[in-house]
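# Structural overview for review
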Amino acid sequence: MKRGIAFCLAGLATAVVFPLLAPNYLINIGMLVFFVAFIGQSWNIAGGFAGQTSFGHVVFFGTGAYTSTILQVTYSWNPWLAWPAAMLAGCIVGWMIAFLAFRAGLRGSYFALITLAFAEVFRILANSVPFTRGGLGMLIKADPRPMNFQFKDPIWFYYVALVLCVASLLIAWQLTRGRFGARLVAIRENEDAARALGIDVFAEKVKALTLSGAMCAAGGTLYVQKYLYVDPSIAFGVDKSVEMLLVTMVGGAGTIFGPLIGSIALTTINEVTRGLASVVPALKNVQPLSLVVYGVMLVLIVARLPDGLMGLFRRKSRHA
Amino acid sequence: MLEVRELCKSFGGLKAVDQASLDVRQGEIVALIGPNGAGKTTLFAAIAGFHRPDDGRVAFDGKDITALPPHRICAAGMVRTFQITQPFAKITVRENIMVGAYLHTANRVVAWREAETVAGMVGMTAQLDRLGADLTVAGRKRLELARALATGPRLLLLDEVMAGLNPTEIAEIVEVIRGIRDAGVTILLIEHVMQAVTSLAERVYVLNQGRIIAEGTPAAIAEDPLVVEAYLGHGAAKVLRA
Amino acid sequence: MLDPGIIFAGVLNGLLAGGIYVLVAVGLTLIYGVLHIINFAHGSLLMLAMYAVFWLWRLLGVDPYAALPVVIPGAFAVGYLLYRLVIGRFSHGRDENILLITLGLSIVIDNGALLFFGGDTQTIDVPYAGSFVELGVAFLPLPKLISFAASLVLCGLLGLYMVRSDTGKAIRAVAKERQGARLVGIDVGNIFAVSYGIGIACLGAAACLLMPTFYVTPSSGHAFVLVAFTIVVLGGMGSFLGAAVGGFIIGITEALGGLLLGEQLGQIGISLIFILILLLRPTGLFGSRA
């Protein structure tokens, strides 16, 4: 236990010091690592801890992204105020989807598919509705001052992402140590037994999705503040859903550090393939190659290593 | 404490439970027996809220609980175990039991201690750190018992807790159950193992093809020709007596 | 608001498209009925088949309809091997595992296509593409009519095969009662692979029938998957009749949606139907309890 805490603190210290020494290019990568780990953790709460696999988690991301952007651009809200509003929106959407889906008794694959359908509905709406500027997307006016939640120096985005990531780790840690988390795990393992032991399965699942939605929406806002642009395919496209799912499953679903480890692993793969692409000219486009590798990893993880990379650590410690 | 009146439950055209009525008074150990397929587990499931009865009433401590959802019935003080064990496979025995303990506390430390106490009562202290998936059949049965116990029930519905155990294990569980009753928990159990029924139960109900066909002390039941015929077939009672 | 003639034409076009959707859905529902797998890779495999038809035309000058006798067995082989080597081997336990594995496959296929074929939209130009058949006020493209007819014929043949042939009977036996089928000596593992193969063969056929009037890009897979699932869920998982009825309903919905709401928003009808069915009647029109 003591060793674990020491390790965490060392990691945190490294993460804090890292951008002070690294070039901007690496700082941006670092930011992405923590950002993906953060939204991955939001998926982990629903999919890893509570066992409700979602294929459409991007719906919360996009809700957050559009909410804060519309409030800023159309209603001139300060982005720091729009941020909690976005989280509230994510909360509400999470509640709504969970209420509908679980009230109808949807589980397993059916739940996964309906989340996908909801994401698609949101995407089509965003593409067609005037207040999102449709397919053109929305631009946030570049005015890099801290009070606008925009920073000239990428190091600040890095730190925001780091803070969010640490916060998400603490939330996950609290889940492993409290009643709510224990109940979610029970639901994941066996819903009927959980019911028999007094757990209101419906209510707990809805809570999990609500929390997950709020977190994911927070990530959406951060993303738009960094890149200053959002459109329906960025906000509600399948790619982010896959990413969140993937980093968690690869790292270890239902563990505290799973999403972070998965994010580091996937970012590494991404950079490696980028390096490969620059050397092998035949590979026109890097992004799909990374995704091909991700897809293969997903199959291998589910087939051979269902506990993800964290499962490797666990096995070692159990034999020790 | 528990009143079941004329409970009916059908699946498709099949009447699984047909106007079953039974009573369990506080502090008793009552057994529900009957041949395979008699509908015992269905009756349990209907009492505990997992099936909605088609007809009839269930009252617990005077309050009507018919068709309440299982988690509310559990909160009211009645808990059931499952015949086919349902451990939470990927977490430890301790964590399993804590899930039950969390019913009446939100505090992890309290739940932790509860789990240890309960584990002690059922004799699982040595296995607290094993994963649910790694337990033997006997271990899983004890875990079912321990988890249910941790919720602090006043009435415990045990579904074939002895199935698959060897005589030594059975004798141990019998002692455990007796201890639980002495600690103030009322017990209604489904059992096939007659040794357990005769040593534990004060009263026995016999279920056959969904209907209660007999009620009485274990000794009286054993003599009842209807009961003998339910198990051994039509006319068996006469043959045996001859 | 809208001219009834336009609506009439829209419905007809929707029916024609629906006929091909039926073929896609039949494959998916067969796979579910027999293997209890929700084949998330269905759309991606259709996209792959469509590319195969395209390359056959581009490189060898093969007319898409003429390609049927080649593409169908080819697709069957791909499906059979895919099951034997990947899906069958790796899918143990929870149904979400298989869903995730087929998701992984779809990611690999979609992005592999992007990598090797590029992101451009590809179409086939057949000489008869410009021919139309008049039906009242509606002008129906000839290829669509041919495809529709071919699809019906193929579905009919598949139905005959399932009812008359030994393998077909074995497949239906396994779908109804797996253990019983095993006990009677049916090689269930092989039947699984064959069923998956047939499901993909349907995609091969659909690809040949779609390419004369459609386009293909690597993202086509994603577009088709939701349509396919909606049809199957609407019709009822595992029901052929459901797949047929569902296919036509969705075809018409898509056409009318496009007419009434515009190209973009029209697509929403399908997703909404999907959500509503799952929430209100998950077994669909003709399905049995899941």
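What this report covers is the structure whose coordinates are included nearby.

Check the secondary structure of chain A and you find 14 helices and 2 strands. Relative to the compact-globule value of 20 Å for 320 residues, chain A shows a C-alpha radius of gyration of 19 Å, a close match. Projecting the C-alpha coordinates of chain A onto the three principal axes gives extents of approximately 55 × 45 × 40 Å. Each of the 320 residues in chain A was classed as buried or not, and the buried ones make up 55%.

To continue, consider the sheet that holds strand β2 (residues 14–24) of chain B. As a general point, the strands of a sheet are linked pairwise by backbone hydrogen bonds and lie either parallel or antiparallel. All names here are of chain B. Read from one edge to the other, the open sheet built from 4 strands follows the order β2-β1-β4-β5, with strand pairing classed as antiparallel. Where the open sheet ends on each side, the last strands, each with one partner, are β2 and β5 (63–64). In the sheet, strand β1 (residues 2–11) pairs with strand β4 (residues 55–60) via 5 bridges, with the strands oriented antiparallel. Residue pairing in the sheet places Arg5 in a bridge with Arg57 of β4.

Residue and element names in this part refer to chain C. One can describe the packing of helix α9 (residues 220–235) onto helix α11 (residues 268–280) by two numbers: an axis separation of 9 Å at closest approach and a directional angle of 35°. α9 and α11 meet at a crossing whose hand is left-handed. Of α11, the residues touching α9 (which contributes Leu226, Val227, Phe229, Thr230, Val233 and Leu234) are Ile270, Ser271, Ile273, Phe274, Ile277 and Leu278. A per-class count over the contact of α9 with α11 returns 10 nonpolar, 2 polar and no charged.

Residues and elements named next belong to chain B. Of all the 5 residues making up strand β8 (residues 186–190), 5 are buried; the element is thus mostly covered by neighbouring parts of the structure. By the alternation rule, side chains of β8 split into Thr186, Leu188 and Ile190 and Ile187 and Leu189, which are all buried. Relative to β8, strand β3 (residues 29–33) is paired through 4 bridges, and the arrangement is parallel. When the sheet's bridge partners are listed, Ala31 is paired in β8 with Leu189. Sheet topology note: the strand β7 (residues 155–159)/β8 ladder contains 5 bridges and is parallel. Paired with Leu155 across the strands is Thr186, a residue of β8. Between the parallel elements β7 and β8, the chain passes through helix α6 (residues 167–182) in a crossover that is right-handed.

Now for the interface of chain C and chain A. Across the contact, 32 residues belong to chain C and 31 residues belong to chain A. Sorting the residues of the side of chain C that touches chain A by element identifies α3 (68–90), α4 (95–117), α9, α10 (240–266) and α11 of chain C as the ones contributing at least two each. Examining the composition of the side of chain C that touches chain A, we find that 15 residues originate from one element, α4(C), more than from any other.

Now for the nonpolar core. In terms of nonpolar packing, the biggest core is built from 285 residues, with C:Val24, C:Val53 and C:Ala207 touching the most fellow members. Each residue touching C:Val24, except ones within four places of it in the same chain, is listed here: C:Leu46, C:Cys202, C:Leu203, C:Ala206, C:Phe224 and C:Ala228.

Another point: helix α3 (residues 93–101) of chain B. Taken across its 9 residues, α3(B) has 9 buried, putting it largely inside the fold. Of the positions making up α3(B), those classed as buried are B:Val93, B:Arg94, B:Glu95, B:Asn96, B:Ile97, B:Met98, B:Val99, B:Gly100 and B:Ala101. Looking at the packing, one finds that the buried side of α3(B) touches α7 (179–189) of chain A together with α4 (108–122) and α5 (137–150) of chain B.

We now examine the arrangement of the chains. Looking across the 2 pairs of chains in contact, one finds the most contacts between chains A and C. Taking C-alpha atoms as the reference, chain B and chain C come no closer than 13 Å and do not contact one another.

Mapped onto the elements, B:Phe82 comes out in the loop between β6 (78–80) and α3. When the C-alpha atoms of B:Phe82 and B:Leu157 are compared, they prove to be 9.1 Å apart, with 75 residues separating the residues in sequence. Those residues in contact with B:Phe82 that sit more than four places away from it in its chain are A:Ala193, B:Glu144 and B:Asp159.

It is worth spelling out helix α9 (residues 201–227) of chain A at this point. Three- or four-residue spacings in an α-helix give side chains the same orientation, since the helix completes a turn every 3.6 residues. Residues and elements named next belong to chain A. Taking 1.5 Å per residue, 27 residues should reach 39 Å; α9 reaches 39 Å between its end C-alpha atoms and fits that length. Within α9, 22 of the 27 residues are buried, which leaves the element mostly enclosed by the surrounding structure. Positive backbone phi, at 60°, marks Leu228, one or two positions downstream of α9.

One non-glycine residue, A:Leu228, adopts positive backbone phi at about 60°. Mapped onto the secondary structure, A:Leu228 falls in the loop between α9 and β2 (229–230). For A:Leu228, a count of 15 C-beta atoms within 10 Å puts it in the partly exposed group. You will see that B:Glu6, though not glycine, has its phi angle at about 50°, which is positive.

Attention now goes to the sheet that holds β3(B). Residue and element names in this part refer to chain B. Read across the open sheet, the 6 strands follow the order β6-β7-β8-β3-β9-β10; overall the sheet is mixed. If you trace the sheet from one side to the other, it starts and ends with β6 and β10 (211–216), each paired once. If you compare each strand with its neighbour and ignore which way they point, the axes differ by 15° on average.

Let us now look at the interface of chain B and chain A. Chain B puts 22 residues into the contact, and the matching count from chain A is 17 residues. Mapped onto the side of chain B that touches chain A, the elements with two or more residues apiece are α2 (70–76), β6 and α3 of chain B. When the residues that make up the side of chain B that touches chain A are grouped by side-chain class, the tally is 13 nonpolar, 4 polar and 5 charged.

Regular strands place side chains that alternate from one sheet face to the opposite one. A large share of β7(B) lies buried, amounting to 5 of its 5 residues. The alternating pattern of β7(B) places B:Leu155, B:Leu157 and B:Asp159 and B:Leu156 and B:Leu158 on opposite faces, both of which are buried.

What follows deals with the environment of A:Thr115. All names here are of chain A. Following the sequence through the fold, Thr115 ends up in helix α5 (residues 108–128). Between the C-alpha atoms of Thr115 and Ser54, which are 61 residues apart in sequence, the distance is 6.0 Å. In this structure, Thr115 is in contact with Ser54, Phe55, Gly56, His57, Val59 and Ile97, ignoring residues within four places of it in sequence.

What counts and what doesn't
- Per chain, the residues get numbers from 1 upward, laid out in the order the sequence is written.
- Both sets of labels track the order of writing: A upward for chains, 1 upward for ligands.
- Local features in this predicted model are restricted to residues whose pLDDT is 70 or higher, and side-chain atom pairs enter the listing and the counts only when it is 80 or higher, whereas totals over whole chains, interfaces and linings include all residues.
- Secondary structure elements follow DSSP: runs of H or I no shorter than four residues count as helices, runs of E no shorter than two count as strands, and numbering proceeds from the N terminus.
- Every radius of gyration here is taken over C-alpha atoms, with the globule rule written as 2.2 Å times N^0.38, N being the number of residues.
- Exposed residues have 12 or fewer other C-beta atoms within 10 Å of their own C-beta, buried residues have 20 or more, and partly exposed residues fall in between, where C-beta atoms are placed from the backbone.
- Think of it this way: DSSP has to see at least two bridges between two strands before they count as a pair.
- The convention used is that axes are lines fitted to C-alpha atoms, helices contributing only their stretch in contact, and that angles between N-to-C directions extend from 0 to 180 degrees.
- Note: crossing handedness is left-handed where the near helix turns anticlockwise from the far helix by less than a right angle, and right-handed where it turns clockwise.
- With C-beta atoms placed from the backbone, a contact is any residue pair whose C-beta atoms sit within 7 Å.
- Residues were grouped as follows: Ala, Val, Leu, Ile, Met, Phe, Trp, Tyr, Cys and Pro as nonpolar; Asp, Glu, Lys and Arg as charged; and all remaining residues, including Gly, as polar.
- With its strands directed away from the observer, a crossover is right-handed exactly when the path from the first strand over the helix to the second travels clockwise.
- Nonpolar cores are built from buried Ala, Val, Leu, Ile, Met, Phe, Trp, Tyr and Cys residues. These are joined into a set through C-beta atoms within 7 Å.
- Helices are assigned an expected span. That span is 1.5 Å times one less than the residue count.

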